[in-house]
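Structural features, examined
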Amino acid sequence: MEDIDTTQSKEPFLPIHEEATSTNNRYSVLKSIRANKYLQIASGPLACALTMLFLDGPSSSRNMLAVLAWVFLWWLTEAVPMAITSMSPLFLFPLFGVSSADDVAKTYMDDVISLVLGSFILALAIEHYNIHKRLALNITSLFCGDPLNPPLLLLGICATTAFVSMWMHNTAAAVMMIPVATGILQRLPDMSHGSGSNTDVQRFCKAVILGVIYSAAVGGMSTLTGTGVNLILVGMWQSYFPQEDAISFSTWFMFGFPLALMLFFVLWIVLCLLYCSTSTGKSLSAYLDRSHLKRELELLGPMDFAEKMILTIFGGLILLWMTRSITDDVPGWGALFHNNVGDGTVSVMMASLLFIIPNKKNEGEKLMDWNKCKKLPWNIVLLLGAGFAIADGVHTSGLADKLSDGLSFLKTAPYIAIAPLVCLVSATITEFTSNNSTTTLVVPLLIELARSMSVHPLLLMVPGAIGAQFAFLLPTGTPSNVVGFATGNIQIKDMIKVGLPLKVAGIALITVLMPTLGAYVFRTDRIV
């Protein structure tokens, strides 16, 4: 037998190493492209270039459309952080000749932005001193019932969330209230076993989480401070129609609160029908009662000076907002200053008091300091500024006139058919992109559509903006949905089960209320 050369037998017949290296290199390149979002980043400038090359028309409106394509693709794909995309008009508008650097920069700071900044600072103060938790426990304890009444308890949790969301951004309200809700649910037993009582408990847990995230969205609709969408709408109204009366806090409240209240009760009824049975109270009573909630309140201790002062400032802010401009016959306190003050004036003024009044805990320490304000959501502030810049650019570039010409075929369509369609389109788009981005995209189009139909712009702007807040079906629809979904208590099918009837009810309500209550509140009988 011949000796076998073992050194030769170990050599591969084919150059496997080189091929594997080549394959790994290709894979690493693809992985790098995906990880660094190069395709998403390139999509914006590419869409801009294609728009410039293949679309005819005046250069100003074409350039504006090209910039819009760039900005919205970056928003939709999240190629860069939202805040950076929101700042892109600051360099794109001057470079493409849409507007000067000074003009575009001015749109990033106005009374609406001041309103947001002051409100956010107050919200941070409320969060820092745990006032939201104390409020939630008090109201929930009030609604708990004796013996335990699950629908009433659910109403208390949802009502608390909706109330908190009226005065701060709905995402912040959801972030504050989800820990309070889960703290209550943690007293309930593990649902891993399939007994009947645990099934009732599991269903109630779903109802609570869904109630919190949807109540935050519904409550935010009722005020200007509850969501960025309302602020974008108000800012665009002022930008497009500076000669018209601005939409004040109290004006919006007169329309938004009845709408939100009716939608809130629809939400509560749907949750009770789907998740609360006759045996739920018996299943929960062994684990959850009023004494548990009172024990939580006792752990917080009595309210100190700082908490009382923040609540006083908060109450004063609401009062000043509501009375600045009331009616033509009763003008409100703003008339004392020749109507030079706005809601942002009040917001910043009251927020400034937080940095003046001592908290009486440590010598020289105020209720708030700037270190506590580091969590200010500047991305929301910049997004609002970008929305206002885009609205101004669409108007000044002449793109608005081109859009108006393209929508002329709808002049003969009845309003009663267009309004629900507008709301439905916004409510569909908002499931796949942010509420604020949807509003920024849709509202300028609706202004031109209203002009082509010869109807008051707010008759379409308001349904479009409200519809953009109906992101009820998917976890990615809003940050509030993500917060609730992350608890693990709900699934997508639960969101669809509750969100779909809620969305349908919302569209129906806005279709009925806008030409009736909305026409009275916004005085849409006037010619704009």
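These remarks concern the structure in this document. (Residues numbered from 1 in each chain as written. Predicted model: local features only at pLDDT ≥ 70, side-chain atom pairs only at ≥ 80, totals over all residues. Heavy atoms only, no water.)

**Structural notes on the side chain of serine 61**
With respect to the helices and strands, serine 61 occurs in helix H4 (residues 59–77). In contact with serine 61, other than residues within four places in its own chain, are Ser397, Gly398, Leu399 and Lys402. (Helix = DSSP H or I, 4+ residues; strand = E, 2+ residues; numbered from the N terminus. Contact = heavy atoms within 4.5 Å.)

**Observations concerning the pattern of salt bridges**
Summed over the entire model, instances satisfying the criterion amount to eight salt bridges. Glutamate 127 is paired through a salt bridge with lysine 375; the nearest N and O atoms lie 3.6 Å apart. Note that glutamate 127 is positioned in helix H8 (residues 111–128) and lysine 375 in the loop between helix H18 (343–353) and helix H19 (378–396), a separation of 248 residues in sequence. Overall, glutamate 127 belongs to the partly exposed group, its relative accessible area being 29%. Residue class for lysine 375 comes out exposed when judged on its relative accessible area of 57%. A salt bridge links aspartate 304 to lysine 361, with the shortest nitrogen-to-oxygen separation between them at 3.4 Å. Taken together, the residues aspartate 304 in the loop between helix H16 (290–300) and helix H17 (305–323) and lysine 361 in the loop between H18 and H19 connect sequence positions 57 residues apart. On the basis of relative accessible area, aspartate 304 is assigned to the partly exposed category, the value being 25%. (Salt bridge = Lys/Arg side-chain N within 4 Å of Asp/Glu carboxyl O. Buried < 20%, exposed > 50% of the residue type's maximum accessible area, 1.4 Å probe, protein only.)

**Topic: the packing of helix H9 (residues 131–144) against H16**
Interhelical geometry of H9 versus H16 gives an angle of 155 degrees and a closest axis separation of 9 Å. Classified by the angle between their axes, H9 and H16 sit roughly antiparallel to one another. Between H9 and H16 the crossing geometry is left-handed. For the pair H9 and H16, the contacting residues are Lys133, Arg134, Leu137, Asn138, Thr140, Ser141, Leu142 and Cys144 in the first and Arg290, Leu293, Lys294, Glu296, Leu297 and Leu300 in the second. (Axes fitted to C-alpha atoms, helices over the stretch in contact; angles between N-to-C directions. Parallel < 35°, antiparallel > 145°, perpendicular 65-115°, else oblique. Left-handed = near helix turned anticlockwise from the far one by under 90°.)

**Description of unusual backbone geometry**
With a phi close to 55 degrees, asparagine 339 is a non-glycine residue in the positive phi region. At lysine 360, a position not held by glycine, the phi torsion is positive, near 60 degrees. Tracing the backbone through its elements, the reader meets lysine 360 in the loop between H18 and H19. Classification of lysine 360 as exposed rests on a relative accessible area of 62%.

**Quick word on the side chain of lysine 372**
Considering the arrangement of structural elements, one finds lysine 372 in the loop between H18 and H19. Leave out the neighbours within four places in its chain, and lysine 372 touches Leu124, His128 and Leu367.

This is a description of form; function is not addressed.
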